[in-house]
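Observations on the model geometry
These are the residues of each chain, in order.
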Amino acid sequence: MTRTIHTSFTAPALPPIVITASEAHRLSVLADSSMAVFPSVAEFLARETDRAQLVADDAELPDVVRMGSLVRYRDDETGDVREVVLVYPHEADIALRRISVLTPVGAALIGLSVGQTIDFQTPSHQTRSVTILAVKHQG
């Protein structure tokens, strides 16, 4: 007698994210133009912009990670808390804690709200999880 065993693996549900219309457009263009050089993170960023709830550019989003936001987050595996500014690639400077949205953690942060957690894949293909602790908009 032959038995068939069916197993299904489901990825964790992605948290809802919010991005302004102009940032979503700019991030989508960035993802498209980066596919050849950074395919995995560009695909992740494109997926995030595609699934985001788009809002008006002047929407009040006090607890949402936007471009230029100062973000405090926890690496859920290590417990380390980091504080970074999320920027476009040409503005990135790790010494100033300015991380590019075109990095795995940067793409994971965009659009999240305080208290939300998301999984992302590191360049070494490990799954990591971060939780947003605080967001401060600069400027």
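Residues numbered from 1 in each chain as written. Predicted model: local features only at pLDDT ≥ 70, side-chain atom pairs only at ≥ 80, totals over all residues. Heavy atoms only, no water.

1. Considerations on the overall build of the chain
- On a plain count of helices and strands, the chain comes out with three helices and seven strands.
- Dimensions along the principal axes, computed over C-alpha positions, put the chain at roughly 70 × 35 × 30 Å.
- For the chain, with 139 residues in total, the buried portion stands at 42%.
- Contacts spanning at least 24 positions in sequence make up 58% of the contacts within the chain whose residues lie at least 6 apart.
- A total accessible area of about 8200 Å² is found for the chain, and carbon and sulfur atoms account for 54% of it. (Helix = DSSP H or I, 4+ residues; strand = E, 2+ residues; numbered from the N terminus. Buried < 20%, exposed > 50% of the residue type's maximum accessible area, 1.4 Å probe, protein only. Contact = heavy atoms within 4.5 Å. Areas by Shrake-Rupley, 256 points an atom, 1.4 Å probe, with all protein chains shown as cover.)

2. Comments concerning the confidence of the model for the chain
- Summary statistics for the chain give a mean pLDDT of 91 and a share of 91% for residues scoring 70 or more.
- Confidence scores differ between elements of the chain, with strand 6 (residues 117-121) showing the lowest mean pLDDT of 93 and strand 4 (residues 81-87) the highest of 98.
- Predicted confidence for residues 3-10 stays below pLDDT 50, and this span has zero contacts to residues more than four positions away or in other chains. (pLDDT = per-residue confidence, 0-100.)

3. Brief notes about the environment of L112
- Within the element layout of this structure, L112 appears in the loop between helix 3 (104-109) and strand 6.
- On the basis of relative accessibility, which here comes to 0%, the residue L112 falls in the buried class.
- Along the backbone, L112 and V18 are 94 residues apart, and their C-alpha atoms lie at a distance of 6.9 Å.

4. Section: the UniProt feature "domain: Regulator of nucleoside diphosphate kinase N-terminal" (unreviewed entry) in the chain
- The feature "domain: Regulator of nucleoside diphosphate kinase N-terminal" (unreviewed entry), as annotated in UniProt, sits at residues 15-55 in this numbering.
- Counting secondary structure, residues 15-55 comes out at 66% helix and 15% strand; the distance between its end C-alpha atoms is 17 Å. (UniProt positions renumbered as here; feature names shortened; annotations may be inferred.)

5. Digging into the nonpolar core
- Core analysis: the largest hydrophobic core is formed by 32 residues, its most contacted members being L45, Y73, V101, L109, I110 and I132.
- Contributing elements (two or more residues each) for this core: helix 1 (21-34), helix 2 (39-51), strand 3 (69-75), strand 4, helix 3, strand 6 and strand 7 (127-137).
- Setting aside residues up to four positions removed in sequence, V101 forms contacts with L27, L30, L45, M67, L86, V87, G106, A107 and I110. (Core = buried A, V, L, I, M, F, W, Y, C linked by side-chain atoms within 4.5 Å.)

6. Some thoughts on the UniProt feature "domain: Transcription elongation factor GreA/GreB C-terminal" (unreviewed entry) in the chain
- When the UniProt feature table is mapped onto this chain, "domain: Transcription elongation factor GreA/GreB C-terminal" (unreviewed entry) is found at residues 63-136.
- Secondary structure within residues 63-136 divides into 8% helix and 43% strand; the distance between the first and last C-alpha atoms comes to 8 Å.

7. Let's talk about the pattern of salt bridges
- On inspection of all chains with the given rule, the structure shows nine salt bridges.
- The salt bridge partner of E48 is R51, with a shortest N-O separation of 2.7 Å. Residue E48 and its partner R51 are both found in helix 2; the two are separated by three residues, about one turn of the helix.
- Taking the relative accessible area as the measure of exposure, R51 reaches 26% and is therefore partly exposed.
- One salt bridge in this structure joins E77 and R128, with 3.5 Å as the shortest N-O distance. Separated by 51 residues along the polypeptide, E77 in the loop between strand 3 and strand 4 and R128 in strand 7 bring together distant segments of the chain.
- Salt bridges here are not isolated pairs; linked through shared partners, they connect D75, E77, D80, R82 and R128. (Salt bridge = Lys/Arg side-chain N within 4 Å of Asp/Glu carboxyl O.)

8. Concerning the side chain of Q116
- Relative to the assigned elements, Q116 resides in the loop between helix 3 and strand 6.
- Among the polar contacts made by the side chain of Q116, one reaches the main-chain carbonyl oxygen of P16 at a distance of 2.8 Å.
- What Q116 contacts, discounting residues up to four positions off in sequence, is P15, P16, G111, V130, T131 and I132. (Polar contact = N/O pair within 3.5 Å; in protein donor to acceptor, adjacent residues only side chain to side chain.)

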